[in-house]
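Residues per chain are reported as follows:
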Amino acid sequence: MSNVPLLDLKAQFAQIRAEVMPLIEEVCASQRFILGEHVLGLEAQLARYCGSAAGVGVSSGTDALLLALMALGIGVGDEILTTPFTFFATAGTIARVGARPVFCDIDPVSFNLSPTAVREFVERHCSVRNGQLINGVTAGRIAGLMPVHLYGQSADMDPLMDIAKQHNLKVIEDAAQAIGTEYKGVRVGSIGDIGCFSFFPSKNLGAFGDAGLCTTNDADLAESMRVLRVHGGKPKYFHSVIGGNFRIDELQAAVLRVKLKYLDGWTEARQRNAAFYDAAFAAAGLNERLERPQVAKNGRHIFNQYVVRVQKRDELKAFLGEHGVGTEIYYPVPLHLQKCFAYLNHAAGAFPESERAAAQTLALPIYPELQEEQLRTVVDSIAEFYRH
Ligand SMILES: *Cc1c(COP(=O)(O)O)cnc(C)c1O
């Protein structure tokens, strides 16, 4: 019986172990765990990597989103346009600052927020009052836009930025799955006001625990995020704003600095695996049963996930599981149908493309260390399932 896990972080650790362990030892020897030289170094390196002027290391991708919203002054009475087909934190953080997530449907090919759906929502349901976009349904002020670069591919940013400019909306990019992703040659996270990245272990650049980053080209926003990251204290113990503890650990920063050197190589391996699948699925005559991910022509897709749209998804997932192939559903319940968002009053059918994606998509193993034989096993197992 074959064994192809969805992700094998031990294989990656084996490659960097000799380099990373002495650094951890060094940080422990220094006992300097909070906002030390590795945090500063990492922030500078990642800002450069992401094409942004500044990077602010934080405790998680979720806290990156929360900090971005806080720094932009989003709160009660505000509404943020976003996608319902994403990880929970996207809308969860909007709600946690007291704002309202306002969902618009996705593009069925990219799975990302559809600019057409956003434009339609604005034209049909909103009005402009004192230069501000007002939601006619709730009377709330639409203050921002939070596109997600899902699976490692950029949302269609040009038309989204056009809408944002037209209506004075702040743009927070949820780039948690998209470090190094490009849109028309530009790194994501540098396009909107603030970019939010996650170093959760399963992301392309994963820490040894939780960590994240905010990027921005606005020096004032960077400063504001640095202050809010330490409870809003500036100077220490003097608070003119209320922040939180959103700091990244020095140990995580040290680990991430080692891993960053390998990131492009790992991303290329993910892209090679995706190309292997693309060719092999076509060769196996699976085009009728399985829709492969489509990469936008002028984009760089980093393949945090390789997600296919398939017939009989749940049966296929179970079959692959029995054959030792790990898969996952990202995400089985679109956010507008989550119990905690019942107060937003969305019925099933409200966002049909998001619901269809939740019912039909499956993530296959794509991690860099996969062997060709393992990729072959995945393809053969899927072909076998559809032969029956
Ligand atoms: C992973 C992820 C987050 C949250 O990041 P954490 O580091 O797990 O808090 C937010 N949004 C998306 C789209 C993600 O994939």
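Remember, it's a predicted structure, so these values are computed and weren't measured experimentally.

How would you explain the side chain of Arg300 if you had to name every residue and give the values?
Tracing the chain through its elements places Arg300 in strand β13 (residues 299–300). You can call Arg300 buried: its relative accessible area is 16%. A polar atom in the side chain of Arg300 sits 2.8 Å from the backbone oxygen of Gly180. Residues in contact with Arg300, not counting those within four places in the same chain, are Tyr49, Gly152, Gly180, Thr181, Glu182, Arg187, Asp264, Thr267 and Gln271.

Please provide a residue-by-residue account of the environment of Gln294, values included.
Structurally, Gln294 is set in the loop between β12 (290–291) and β13. Judged by its relative accessible area of 46%, Gln294 falls in the partly exposed class. For the pair Gln294 and Asn217, spaced 77 residues apart in sequence, the C-alpha separation works out to 30 Å. Beyond its immediate stretch of four places on either side in the chain, Gln294 contacts Val109 and Gln153. One polar contact links the side chain of Gln294 to the main-chain carbonyl oxygen of Arg292, over a distance of 3.3 Å.

Describe the sheet that holds β12, with residues and values.
Sheet strands line up and pair through hydrogen bonds in the backbone, either parallel or antiparallel. Spatially, β12-β14-β15 is the arrangement adopted by the 3 strands of the open sheet, whose pairing is antiparallel. Of all strands in the sheet, those with a lone pairing partner are β12 and β15 (361–364), marking the two edges. In the sheet, β12 pairs with strand β14 (residues 306–310) via 2 bridges, with the strands oriented antiparallel. Following the sheet pairing, Glu291 is matched in β14 by Arg309. Contacts from helix α9 (residues 313–322) reach β14 and β15, with the element oriented near 25° to β15. Contacts from helix α10 (residues 352–360) reach β14 and β15, with the element oriented near 100° to β14.

An account of helix α4 (residues 89–96) is requested, with residue identities and associated values reported.
The element α4 is extensively covered by neighbouring structure, given that 6 of its 8 residues are classed as buried. All of the buried residues in α4 are Ala89, Thr90, Ala91, Gly92, Thr93 and Ile94. Looking at the buried positions of α4, the neighbouring elements they touch are α3 (61–71), β2 (78–82), β3 (100–103), β6 (141–146) and β7 (170–174). Just downstream of α4, Gly98 is the residue with a positive phi angle, here 95°.

Quick one: what's the story with the site of the ligand, residue by residue and with numbers?
Within the structure, the ligand sits among 15 residues, and Gly61, Thr62, Gln177, Ser198 and Lys203 are positioned closest to it. The contact in question runs from a nitrogen atom of the ligand to an N or O atom on the side chain of Asp174, over 2.8 Å. Measuring from an oxygen atom of the ligand, one finds a side-chain N or O atom of Ser198 at 2.6 Å. Relative to its free-state accessible area of 380 Å², the ligand is covered by the protein chains to the extent of 93%. If you list the elements that add at least two residues to the shell around the ligand, you get α3 and α4. For the shell around the ligand, the residue count by class is 6 nonpolar, 7 polar and 2 charged.

Rules behind the numbers
Residues numbered from 1 in each chain as written. Predicted model: local features only at pLDDT ≥ 70, side-chain atom pairs only at ≥ 80, totals over all residues. Heavy atoms only, no water. Helix = DSSP H or I, 4+ residues; strand = E, 2+ residues; numbered from the N terminus. Buried < 20%, exposed > 50% of the residue type's maximum accessible area, 1.4 Å probe, protein only. Polar contact = N/O pair within 3.5 Å; in protein donor to acceptor, adjacent residues only side chain to side chain. Contact = heavy atoms within 4.5 Å. Pairing = 2+ DSSP bridges. Axes fitted to C-alpha atoms, helices over the stretch in contact; angles between N-to-C directions. Near = heavy atom within 4 Å. Areas by Shrake-Rupley, 256 points an atom, 1.4 Å probe, with all protein chains shown as cover. Nonpolar A, V, L, I, M, F, W, Y, C, P; charged D, E, K, R; others polar.

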